[in-house]
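Single-letter residue listing:
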Amino acid sequence: MATVTKEQARKFYETMATIRAFEESVKRDFLAGEIPGFVHLYIGEEAIGTGICAALRDDDMIESTHRGHGHCIAKGADVNAMMAEIFGKKDGLCHGKGGSMHIADFKIGMLGANGVVGGGYNLATGAALASKMVLKNDRVSVVFFGDGASNRGTFHEAANVAAAWKLPVIFVNEMNCWASTTPYRTTTAVENISDRAKGYNMPGVVVNGQNVFEVYDAAVEAVARARRGEGPTFIEAKTYRIEGHFVGDPEKYRKKEETMQIFHDTDPLTHFLGILPEGISFEQAELDQIRADAVEKIKKAKEYAVSCEYPDPSEYITDVYVD
Amino acid sequence: MRKITFSEATREAMAEEMEKYPEVFVMGEDIARQGGIFGQFKGLPDEFPGRVIDTPISETFIVGGGVGAALAGARPVVDMHFADFIGVCGDEIINQMAKIRYMFGGQAKIPLVLRAPDGMAGGGAAQHSQSLESFFIHIPGIKVVAPSNPYDAKMVLKAAIECDDPVLYFENKVLYKETGEVPEKEDEVPYVIGKARVEREGTDVTIVSYSIGMKNARAAADLLEKDGIKAEVIDLITLSPWDKETVINSVKKTHRLCLVAESVKQGGALAEVAATVAEEALEYLDAPVLRYGAPFTPIPFAPTLEKMYRVYPEDLVNGIKGVL
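All values derive from a computational prediction rather than experimental measurement.

1. Some points on the overall build of chain B
In step 1: When you go through chain B residue by residue, the secondary structure sums to 12 helices and 14 strands.
In step 2: Here chain B has a C-alpha radius of gyration of 19 Å; the compact-globule value for 324 residues is 20 Å, and the two agree.
In step 3: Oriented by its inertia axes, the alpha-carbon framework of chain B measures out at about 55 × 45 × 45 Å.
In step 4: For chain B, with 324 residues in total, the buried portion stands at 55%.
In step 5: Contacts spanning at least 24 positions in sequence make up 80% of the contacts within chain B whose residues lie at least 6 apart.

Written out as structure tokens, the structure is:
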């Protein structure tokens, strides 16, 4: 087990609370018609991005998904610039050209959300190839993907190469049980998606994706292994998609009560006290204060986003090419 | 001046760029041990150990991995084996490579070259003979080049590798074996992506082509000259962004336009040239635009059928004479 200090544990909670507050704010504002496009929320899955990114260095790289706000925050993005992007403003991370589904922050190694499900495997694996075989540095890359994305053929091509060449890439499967409206059991025969890792001669581990310490522990080991040049790891984090596929999804394919029961039983924030490693303790009041601070921080991020201008119309033509 | 083949010219370009930039590497199927299916990578793996990489047969990785490597700071060249296999990695080109810079607000650059050997090489039939360049001029965010001779093959490839934007480099399989004059390195003139070349000046008709289509353009100009007709021949070299100015200036002079390529005529890259001339220089045209390309069928196998798929210089000559 990786040792965690109380300060680290506090930071985990703070990151998860920030993601939760961010997502709740985005949901509210999207439903109020203030945000264009589509948004996909990470509520209930916060422990995964938080635990994984906590094991990474600032110069390590992540490939995110359309459900990527949590990854972005966990990797260290500024929530003001993130929120401005989601509102389509010129001061957003991508100057209003990407939005929620195409958010990136290269300064912190967040190589982008991806609007194409399963589009990130090859990018992350290529980034790992560049680190190990071309630029000869020890940067690690991570690709997040859902159970839906695990059925893309791109997974096979990337996983095979990553294992064959022992590339420093970590495959993080957020097993949230739903591919949009389709439950994974109707499309997938394996019990654990990570069972497939065996086929690539890659370690495959299952962790409780609601337990940030367990996720962090697996990530620390996978990162160390990648940096030692021993190749990729497949981490399957069991979680559940609490929100609809997108905000506004009528969710006619499942029972709301069942989802809320799962959320009640597994919410990584409300169950935090119960999973603390030995020797670490918090008062509930401390945690409540962290959550209140996160809500306040996100409230300011929203105010910032609203106060920013939209890009000048003339900007539509910039950034197509470098030269 | 020394003469080398198109294939050798591309190899020289690779070697010079790999020497110059340690972050340049190349990956693809059968390029290291075999030296490329057309021999275009021969010798490179010995010169640059570890930087010429044989991949599994995984086109989405070859291209997507190249894009990821570029995002991490490398300058990748990826080889498609046959241009036809681009079909396997459509997402990696269309939704990733072409979009990343724009949708992330200019944070990233993708200095990647995708090399795609194309064209009919005799019996390759439907899945090993296509010229697919025209698809990609419809996609903003990538550049498309298709040189027609060894010197351009070298200079365009060097320019593509040095370019900070993704470039699709279409190289014709028949042209690989053709020789041409290529100056020594110190006498080279760098190519600027986006520039066409007036290869032959003339006053009666403008013939525009690229890649192997240039063989038809040159041969037709030779035949026309025997009858006293002076054709101006323009090699587009870059299809996106293409050199509108050079073409329109020529049409203003000759008042006639003839377009020829090996690829399928319908929706071809040169249709864009025809449409632009119609939009911006119609008043200078004294005759309808002539356009030659392959019929709207997959490429057949049998020699008797493949023959029907090709354009011949005489087709251009007859057409041009009909509008003079």
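2. Side note on the sheet that holds strand S4 (residues 75-79) of chain B
Residue and element names in this part refer to chain B.
In step 1: The strand order across the open sheet formed by seven strands is S3-S2-S4-S5-S7-S6-S12, and the pairing between neighbours is mixed. Each of the sheet's edge strands pairs with one partner strand only, and the pair in question is strand S3 (52-54) and strand S12 (238-240). Shown here is a sheet whose adjacent strand axes are inclined to one another by a mean of 20°, direction ignored.
In step 2: Sheet analysis places strand S5 (residues 113-118) next to strand S7 (residues 167-172), joined by six bridges and oriented parallel. Considered in S7, the bridge of Ala 116 is made with Phe 170.

3. With respect to unusual backbone geometry
In step 1: At the junction of Ser240(B) and Pro241(B), the peptide bond is cis and its omega measures out at 0° in the coordinates.
In step 2: Along the chain, Pro241(B) falls in the loop between S12 and helix H9 (244-254).
In step 3: Of note in this structure, Cys177(A) is not a glycine but carries a positive phi near 75°.
In step 4: Position of Cys177(A) among the secondary structure elements: in the loop between strand S3 (169-175) and strand S4 (178-179).
In step 5: Taking the C-beta count within 10 Å as the criterion, Cys177(A) has 16 such neighbours and is therefore assigned partly exposed.

4. Quick look at the sheet that holds strand S7 (residues 233-238) of chain A
Residue and element names in this part refer to chain A.
In step 1: Pairing is parallel in the open sheet, where five strands are placed in the order S1-S2-S3-S7-S6. In this open sheet, the two edge strands, each paired with only one partner strand, are strand S1 (61-63) and strand S6 (204-208). In this sheet, adjacent strand axes meet at a mean angle of 20° when their direction is disregarded.
In step 2: Pairing analysis gives five bridges linking S6 to S7, with the strands arranged parallel. The residue bridging Val 205 from the neighbouring strand is Ile 235, located in S7.
In step 3: Across the sheet, helix H2 (residues 46-54) touches S1, strand S2 (141-146), S3 and S7, and the angle it forms with S3 is around 165°.

5. Here's the deal with the confidence of the model for chain B
In step 1: Counting all residues, the mean pLDDT for chain B is 97, and 100% of those residues have values of 70 or more.
In step 2: In the model output, the complex is listed with pTM 0.97 alongside ipTM 0.97.

6. Some remarks on the nonpolar core
In step 1: Residues Ala160(B) and Ile207(B) are the most contacted members of the largest nonpolar core, which totals 199 residues.
In step 2: Ranked by the residues each element gives to this core, the list is headed by helix H1 (residues 6-31) of chain A, at 10 residues.
In step 3: When residues of this core are sorted by domain, at least three fall in each of domain 1 (3-187) and domain 2 (197-323) of chain B.
In step 4: When residues no more than four places from it in sequence are discounted, the contact partners of Ile207(B) are Ala217(B), Ala220(B), Ala221(B), Ala231(B), Val233(B), Cys258(B), Val260(B) and Leu316(B).

7. Notes on the interface of chain B and chain A
In step 1: Taken together, the contact between chain B and chain A spans 37 residues of the former and 36 residues of the latter.
In step 2: Among the secondary structure elements, those contributing two or more residues to the side of chain B that touches chain A are helix H3 (59-71), helix H4 (90-97) and helix H5 (100-103) of chain B.
In step 3: By residue number, the principal contributor to the side of chain B that touches chain A is H3(B), which donates nine residues.
In step 4: Considering only residue class, the side of chain B that touches chain A consists of 15 nonpolar, 15 polar and seven charged.

8. Notes on the domain arrangement of chain B
Residue and element names in this part refer to chain B.
In step 1: The domains assigned to chain B are domain 1 (3-187) and domain 2 (197-323).
In step 2: Placing a centre on the C-alpha atoms of domain 1 and another on those of domain 2 gives a separation of 26 Å.
In step 3: The set of elements that each furnish at least two residues to the side of domain 1 that touches domain 2 consists of helix H6 (133-136), strand S6 (143-145), helix H7 (150-162) and S7.
In step 4: Taken together, the residues of the side of domain 1 that touches domain 2 sort by class into 13 nonpolar, eight polar and three charged.

9. Some words on the packing of helix H5 (residues 121-134) of chain A against helix H6 (residues 153-164) of chain A
Residue and element names in this part refer to chain A.
In step 1: Orientation of H5 relative to H6, taken along the N-to-C sense of each, is 15°, at an axis distance of 8 Å. Regarding the angle of H5 to H6, the classification is roughly parallel. The chirality of how H5 crosses H6 is left-handed. Contacts from Tyr 121, Asn 122, Thr 125 and Ala 128 in H5 reach Thr 154, Phe 155, Glu 157, Ala 158, Val 161 and Ala 162 in H6.

10. Some words on the environment of Gly68(A)
All names here are of chain A.
In step 1: When you line up the elements, Gly 68 lands in the loop between S1 and helix H3 (69-75).
In step 2: In the structure, Gly 68 is positioned 49 residues away from Val 117 in sequence and 12 Å away in space, judged by C-alpha atoms.
In step 3: Ignoring anything within four residues of it in the chain, the contact list for Gly 68 reads Ile 103 and Ala 113.

Cut-offs used in this document
Residues numbered from 1 in each chain as written. Chains lettered and ligands numbered in written order. Predicted model: local features only at pLDDT ≥ 70, side-chain atom pairs only at ≥ 80, totals over all residues. Helix = DSSP H or I, 4+ residues; strand = E, 2+ residues; numbered from the N terminus. Rg over C-alpha atoms; globule rule 2.2 N^0.38 Å. Buried ≥ 20, exposed ≤ 12 C-beta atoms within 10 Å, placed from the backbone. Contact = placed C-beta atoms within 7 Å. Pairing = 2+ DSSP bridges. Axes fitted to C-alpha atoms, helices over the stretch in contact; angles between N-to-C directions. pLDDT = per-residue confidence, 0-100. Core = buried A, V, L, I, M, F, W, Y, C linked by C-beta atoms within 7 Å. Domains from an automatic or database assignment. Nonpolar A, V, L, I, M, F, W, Y, C, P; charged D, E, K, R; others polar. Parallel < 35°, antiparallel > 145°, perpendicular 65-115°, else oblique. Left-handed = near helix turned anticlockwise from the far one by under 90°.

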